[in-house]
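Listed below are the residues making up each chain.
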Amino acid sequence: MTDRASQASASYYIRTFGCQMNMHDSEHLAGVLELSGYTGAADIVQADIVIYNTCMVRQSAEDKAWGQIEALSSLNGSALLAVCGCMAERYGVDIMSRCPGVDLVFGLHSIARLAEMLEKSSRARLCDLGNINRASIDELPSKRANPSAAWVPVSHGCDRFCSYCVVPLVRGRERSRPPGEVTEEVQRLASAGVFEITLLGQNVNSYGRGLDGTSFAGLLESVACVPGIRRVKFETSHPGDLSDSILVAMSGRAEVCEYLHLPVQSGSNDVLSAMGRGYDRDYYLQRVERARELVPGVVISTDIMVGFPGETDGDFQGTMDLVRAVGFDAAFMFMYSRREGTAAASIGNEVPQVVKAERLKALSRLQARFTRKSLVNLVGSTVELLVEGVARSGEYVVGRTRGHQVVLLPSFEAPLYSLVEAYVPGAGSHAARGRVKKVIREPPD
Ligand code: 5AD
Ligand code: SF4
């Protein structure tokens, strides 16, 4: 590490792993750094400061982060190396013992003091985790790549304690933000030209527990009413807290998009019970039916895990049957990963890796048919798309429907971050294709 890192004109590079909450936290990191005079580096090799914002929901995410942290010295040995995010919250100072190249480990709850911590750690290694239950980072400045869309956290942490999940252990107990604070943030964003808001929480549906007279349905309505806001999305929904009033609020306001991310995790009652999910298969199916009844055209995606301890072939077939019964528009599928400190870690009865891999393959193959079917259903229709970014090939840009489906557009037709109306002439396995009919809204300057 050089002295450059301690100067306020130094350049920074943030590498983010994991969920949208982590990506949003990184926007705060960038906002705080820029306010202190730091500038974004073109790439990791040129940066004076490299920050890894880490995830540990599965071992694979953790391994990836450890690997990249350890490899940084060969890419850019002179940068000041900082680690934050879930691994920092969980392992703290142990990260420094394991990785001698790490100069700073910090908790998200101390990022208001980021510039000061960087300065200190350029002189001596530092670990500062802050107090997870006290400091709030929501009011800190943030820097977004997309000027048209913003993530807005409504709660932090989780009280569900699903037996496999490390989130409550690293993110703490559920804390809802006061509704006034959330709507004020949305108003501020709308005045800056943002027209799509995604409300974020580990379990948004339980928002307001502990705050008098507040519910997620009520919050959805207030956010949807903010002048200038055109699309409101939210995630993640826990089926156990998905009330009819939330579904009614979704269909009652045109601004609230017809999109539900509703993780099921398993289609076996025994596994759901061992996971501590708090619902059974029939209840889940009934929630899906109700959503389709109350929110016409709703697009439903899910998370599914295979190979939970003790999962039998019969249990797995239950998951396959549920996938056939629901016909999800999209699904994120994972192999169970043992997380130290969770209740499931002490169950034993682990499913062998090869069996997990086979199950994941079979499940992915089955789901691919439904994903494709859902995309093919868009063919021949006209959809509203927010142009989110450039696709891998570079010739296309990625548009998202109100149902969060991906439609690729020729890049010369669609300005980045605009809202467009597009005709869908075709669809592939991962995305549909569109042709722009008109630009509905240009991005803010
Ligand atoms: N192993 C595998 N997948 C997990 N998830 C959460 N914890 C684990 C774990 N220990 C998955 C769940 C969750 C998604 C964000 O990650 O499916 O919904
Ligand atoms: Fe983890 Fe369950 Fe909370 Fe989701 S609801 S974050 S899976 S504990």
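Computed from a predicted structure; not experimentally measured. (Residues numbered from 1 in each chain as written. Chains lettered and ligands numbered in written order. Predicted model: local features only at pLDDT ≥ 70, side-chain atom pairs only at ≥ 80, totals over all residues. Heavy atoms only, no water.)

**What about the sheet that holds strand β14 (residues 330–335)?**
Pairing is parallel across the open sheet formed by three strands, whose spatial order is β12-β13-β14. This sheet does not close on itself; its edge strands, each paired only once, are β12 (259–261) and β14. Across the sheet, the mean angle separating the axes of adjacent strands is 10 degrees when strand polarity is ignored. (Pairing = 2+ DSSP bridges. Helix = DSSP H or I, 4+ residues; strand = E, 2+ residues; numbered from the N terminus. Axes fitted to C-alpha atoms, helices over the stretch in contact; angles between N-to-C directions.)

**Focus: the site of ligand 2**
Surrounding ligand 2, one finds C158, R160, F161, C162, Y164, C165, V167, P168, Q202, H238 and R277. Taken together, the residues of the shell around ligand 2 sort by class into seven nonpolar, two polar and two charged. (Near = heavy atom within 4 Å. Nonpolar A, V, L, I, M, F, W, Y, C, P; charged D, E, K, R; others polar.)

**Some remarks on the side chain of S237**
Mapped onto the secondary structure, S237 falls in the loop between β11 (231–235) and α9 (244–252). Within polar-contact distance, the side chain of S237 engages the side chain of N205 at 3.3 Å. (Polar contact = N/O pair within 3.5 Å; in protein donor to acceptor, adjacent residues only side chain to side chain.)

**Thoughts on the pairing of β14**
The sheet contact formed by strand β13 (residues 299–306) and β14 spans six bridges and is parallel. The residue bridging T302 from the neighbouring strand is A331, located in β14. With helix α12 (residues 313–326) bridging β13 and its parallel neighbour β14, the resulting β-α-β unit is right-handed. (Right-handed = clockwise from strand over helix to strand, strands pointing away.)

**Section: helix α7 (residues 179–191)**
Along an α-helix, residues three or four positions apart point the same way, because every turn accommodates 3.6 residues. Taking 1.5 Å as the rise per residue, α7 with 13 residues should run 18 Å; its terminal C-alpha atoms sit 18 Å apart, in good agreement. Those residues of α7 that fall on the buried side of the exposure criterion are V182, T183, E185, V186, L189 and A190. Around the axis of α7, the buried residues are gathered within 155 degrees of arc, so they sit on the same side. Contact partners of the buried residues in α7: β7 (149–153), β10 (196–200) and α8 (216–224). Where α7 terminates, the next one or two residues include G193, which has phi positive at roughly 105 degrees. (Expected span 1.5 Å × (residues − 1). Buried < 20%, exposed > 50% of the residue type's maximum accessible area, 1.4 Å probe, protein only. Arc of directions from axis to C-beta. Contact = heavy atoms within 4.5 Å.)

**Observations concerning the site of ligand 1**
By nearness alone, every residue bordering ligand 1 is listed as V57, R58, Y164, Q265, D303, M305, F334, M335, Y336, S337 and R339. A distance of 2.6 Å separates an oxygen atom of ligand 1 from a polar atom in the side chain of D303. Contact with the protein chains covers 85% of the free accessible surface of ligand 1, which is 400 Å². Grouping the constituent residues of the shell around ligand 1 by class yields six nonpolar, two polar and three charged. (Areas by Shrake-Rupley, 256 points an atom, 1.4 Å probe, with all protein chains shown as cover.)

**Observations regarding the sheet that holds strand β16 (residues 396–400)**
Through backbone hydrogen bonds, the strands of a sheet pair up, either in parallel or in antiparallel fashion. If you walk around this closed barrel you meet the five strands as β15-β16-β17-β19-β18, and the pairing is mixed. Across the sheet, the axes of successive neighbouring strands diverge by a mean angle of 55 degrees, strand direction being ignored. Taken together, the four bridges between strand β15 (residues 382–390) and β16 define a ladder with antiparallel strand orientation. If you follow L386 over to β16, its bridge partner there is R400.

**Observations concerning the state of the cysteines**
Counted according to the given criterion, the structure contains zero disulfides. Residue C55 stays outside any disulfide, its sulfur separated by 5.9 Å from that of C86, the closest cysteine. A relative accessible area of 8% means that C55 is categorised as buried. (Disulfide = S-S within 2.5 Å.)

**Comments concerning the packing of aromatic side chains**
Summed over all chains, the structure comprises eight aromatic pairs. With a centroid separation of 6.1 Å and an interplanar angle of 35 degrees, the aromatic rings of Y279 and Y284 are classed as tilted. Here Y279 matches Y284 in class, with each residue buried. Taken together, the ring pairs in this structure connect Y279, Y283, Y284 and F328 into an aromatic cluster. (Phe/Tyr/Trp six-rings, centres within 6.5 Å; stacked < 30°, edge-to-face > 60°.)

**Focus: the nonpolar core**
A general tendency of soluble globular proteins is for nonpolar side chains to be buried together. Counting 52 residues, the largest nonpolar core has I197, L199, F216, L220, F234, L260 and Y284 as its most contacted members. In terms of residue count, α8 provides more of this core than any other element does, six residues in total. Residues F17, A41, A79 and V166 belong to the second largest nonpolar core, which totals 26 residues. (Core = buried A, V, L, I, M, F, W, Y, C linked by side-chain atoms within 4.5 Å.)

**Notes on the pairing of β7**
By the criterion of burial, β7 is predominantly enclosed, with four of the five residues buried. The pairing of β7 with β10 spans five bridges and is parallel. For A150, the partnering residue across the bridge sits in β10 and is I197.

**Some points on the domain arrangement of the protein**
Segmenting the protein into domains produces domain 1 (4–128), domain 2 (149–376) and domain 3 (382–441). Opposite the 21 residues of domain 2 that make contact, domain 3 presents 21 residues. Sorting the residues of domain 2 by area buried against domain 3 places F195, R231 and L375 first, and these three jointly supply 40% of that buried surface. Connecting domain 2 to domain 3 are three salt bridges. (Domains from an automatic or database assignment. Buried area = accessible area lost by both parts, 1.4 Å probe. Salt bridge = Lys/Arg side-chain N within 4 Å of Asp/Glu carboxyl O.)

**Describing the packing of α9 against helix α11 (residues 281–294)**
Two elements in contact, α9 and α11, have axes whose closest approach is 9 Å; the angle formed by their N-to-C orientations is 30 degrees. Classified by the interaxial angle, the pair formed by α9 and α11 is roughly parallel. Handedness of the crossing formed by α9 with α11: right-handed. Here α9 contributes D244, L247, V248 and S251 to the contact with α11, which in turn contributes R287, R290, A291 and L294. Here the contact of α9 with α11 is composed, by residue class, of four nonpolar, one polar and three charged. (Parallel < 35°, antiparallel > 145°, perpendicular 65-115°, else oblique. Left-handed = near helix turned anticlockwise from the far one by under 90°.)

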